[in-house]
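# Structural overview
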Amino acid sequence: MSLKQLKVNKSFGGLQKVYSHDSSVLGCTMKFAVYLPPNADSAKLPVIYWLSGLTCTEENFMIKAGAQQYASRHSIILVMPDTSPRGCKIPGEDDSYDFGTGAGFYVDATEEPWKANYNMYSYITEELPALINAEFPADAQRQSIMGHSMGGHGALICYLKNPGKYRSVSAFSPICNPTQCPWGKKAFKGYLGPDEESWKEYDATCLVAKYDGPPTDILIDQGTDDEFLKDQLFPDNLVQACKEAQVPIVLKKRAGYDHSYFYIATFIGEHIEHHAKHLVE
Ligand SMILES: N[C@@H](CCC(=O)N[C@@H](CSC=O)C(=O)NCC(=O)O)C(=O)O
């Protein structure tokens with residue numbers, strides 16, 4: 001799979017690395033970051049996948065969240081992929097911050113000219129884990145997923161569409177009901193076409209009604225001063241849908257916090273602890 005190490009830095013006794021590889025489902029070269037805790041050469045370890053938001057690369061969470069100290073403490077591998085294919089030379093791919101490059105929305109596109117490359121759902125749930133499990137000391141039976149904003153939406157749909165595949169899910173300020181907000185409508189129309197029924201397959205608030213997996217608490221974190229809360233995120237819609245479907249969910253509201261990585265860094269330790277409860281036996 002042409003895995004190439006680009007960077008390595010020692011961090012909290014472990015190694016923070018960046019790799020590139022050729023992705024067959026995305027048809028381009030992709031980068032991802034991986035944090036290997038101190039004991040990564042002596043045992044198969046659990047993994048948490050982190051999905052970033054709009055405009056991010058594999059770098060934002062790696063350098064801003066301060067997650068390595070908690071992953072080191074709990075002996076968990078962190079995997080931090082990029083947020084879209086890059087450099088595919090699709091007309092318009094770099095025209096806006098919320099569609100195309102940096103905005104893959106974790107769907108498998110069905111529309112031209114995106115469908116040959118914009119298959120982030122398959123990349124995150126299939127191709128990347130296969131690579132991680134083959135090349136790193138990862139325990140394929142112990143994986144969880146979390147993310148932020150567009151990546152929080154990604155984490156929720158990957159969890160809900162694959163009962164049992166991920167032991168736990170959490171999200172910071174996720175786009176909870178993308179079929180109803182401007183970011184989601186733009187992305188889904190572009191990647192999935194005009195049939196709004198097909199969009200529901202990638203909307204957490206719509207998917208909970210069908211969820212029949214383990215009844216693990218979904219953990220949602222939301223700052224009350226988030227600049228995108230009112231128009232884009234709609235956490236209360238997801239909570240209501242979970243209540244109706246009897247899917248357990250915990251929504252933590254954080255007074256005064258915004259949408260930034262300063263907020264994520266404040267609470268990432270709690271999220272990794274939440275996942276550790278499900279991953280570390
Ligand atoms: N175009 C805006 C919005 C960009 C932005 O805020 N991106 C967030 C994620 S938003 C939802 O997915 C982000 O994580 N940015 C990277 C960072 O390091 O903060 C703008 O540019 O302001």
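This section reports on the structure supplied with the text. None of the values given here were measured: they were computed from a predicted structure.

Within the chain, the secondary structure is distributed over 10 helices and 9 strands. Over its C-alpha atoms the chain spans a radius of gyration of 17 Å, differing by no more than 12% from the 19 Å that the globule rule assigns to 281 residues. For the chain, the spread of C-alpha atoms along the three principal axes comes to 50 × 40 × 35 Å. Taken over 281 residues, the chain has a buried fraction of 58%. Restricting to contacts in the chain with at least 6 residues of sequence separation, those with at least 24 account for 72%.

Okay, the sheet that holds strand S8 (residues 218–223) next. The strand order S1-S2-S3-S5-S4-S6-S7-S8-S9 describes an open sheet built from 9 strands, whose pairing is mixed. Whereas interior strands pair on both sides, the edge strands pair on one side only; in this sheet they are strand S1 (4–11) and strand S9 (249–254). For this sheet the average axis-to-axis angle between neighbouring strands, irrespective of direction, equals 20°. Its contacts with the sheet place helix H9 (residues 235–245) against S8 and S9, and it is angled at close to 155° to S9.

Now for the state of the cysteines. Inspection of every chain in the model, using the stated rule, returns 0 disulfides. This cysteine, Cys 181, is not joined by any disulfide, and Cys 176 carries the nearest cysteine sulfur, 9.5 Å off.

Below, the discussion takes up the packing of aromatic side chains. One pass over the full model with this rule turns up 19 aromatic pairs. Here the aromatic rings of Phe 99 and Tyr 191 are separated by 4.4 Å at their centres, their planes lie at 20°, and the arrangement is stacked. A residue pair is termed long-range when its members are at least 10 positions apart, and Phe 99 in the loop between strand S5 (77–81) and helix H3 (120–135) and Tyr 191 in helix H5 (residues 182–192) qualify at 92 residues. Each member of the pair Phe 99 and Tyr 191 is classed as buried.

Omega for the peptide link from Glu 112 to Pro 113 comes to 0°, which places this bond in the cis form. By the element assignment, Pro 113 lies in the loop between S5 and H3. Within the chain, Phe 234 stands out as a residue other than glycine whose phi angle is a positive 50°. You can see Phe 234 is positioned in the loop between helix H8 (229–233) and H9. Look at Phe 234 and you get partly exposed, because its relative accessible area is 21%.

Right, let's get into H5. Buried residues of H5: Trp 183, Gly 184, Ala 187, Phe 188, Tyr 191 and Leu 192, and no others. Summarising the axial view, the buried residues of H5 lie within an arc of 110°, below the 170-degree limit, and thus occupy one face. Close packing links the buried residues of H5 with helix H4 (150–161), helix H6 (196–199) and H8. Count one or two residues on from H5 and you reach Gly 193, which has phi positive near 95°.

With that settled, the discussion passes to the site of the ligand. Residues in contact with the ligand amount to 14 residues; listed here are only the nearest, Leu 54, Asn 60, Lys 64, Ser 149 and Met 150. Leu 54 has a polar backbone atom sitting 2.8 Å from an oxygen atom of the ligand. Contact between the ligand and Met 150: an oxygen atom at 3.0 Å from a main-chain N or O atom of the residue. Burial of the ligand by the surrounding chains reaches 70%, relative to a free accessible area of 530 Å². Most atoms of the ligand, that is more than half of them, are within 2 Å of grid points of the largest pocket. Partitioning the shell around the ligand into residue classes produces 7 nonpolar, 6 polar and 1 charged.

Turning our attention to the nonpolar core. Residues Phe 32, Phe 105, Ile 145, Tyr 191 and Ile 218 are the most contacted members of the largest nonpolar core, which totals 66 residues. The residues touching Tyr 191, leaving out its near neighbours within four places in the chain, are Phe 99, Gly 100, Ala 103, Gly 104, Phe 105, Val 107, Ala 109, Thr 110, Glu 111, Trp 114 and Tyr 118. Core analysis: the next-biggest nonpolar cluster, separate from the first, contains 25 residues, Phe 61, Tyr 70, Ile 268 and Ile 272 among them.

Reading the values: rules and limits
Residues numbered from 1 in each chain as written. Predicted model: local features only at pLDDT ≥ 70, side-chain atom pairs only at ≥ 80, totals over all residues. Heavy atoms only, no water. Helix = DSSP H or I, 4+ residues; strand = E, 2+ residues; numbered from the N terminus. Rg over C-alpha atoms; globule rule 2.2 N^0.38 Å. Buried < 20%, exposed > 50% of the residue type's maximum accessible area, 1.4 Å probe, protein only. Contact = heavy atoms within 4.5 Å. Pairing = 2+ DSSP bridges. Axes fitted to C-alpha atoms, helices over the stretch in contact; angles between N-to-C directions. Disulfide = S-S within 2.5 Å. Phe/Tyr/Trp six-rings, centres within 6.5 Å; stacked < 30°, edge-to-face > 60°. Arc of directions from axis to C-beta. Near = heavy atom within 4 Å. Polar contact = N/O pair within 3.5 Å; in protein donor to acceptor, adjacent residues only side chain to side chain. Areas by Shrake-Rupley, 256 points an atom, 1.4 Å probe, with all protein chains shown as cover. 1 Å grid on protein atoms, 1.4 Å probe; cavity = no way out; pocket = protein on both sides within 12 Å on 5 of 7 lines; lining within 4 Å. Sits in = over half its atoms within 2 Å of the grid points. Nonpolar A, V, L, I, M, F, W, Y, C, P; charged D, E, K, R; others polar. Core = buried A, V, L, I, M, F, W, Y, C linked by side-chain atoms within 4.5 Å.

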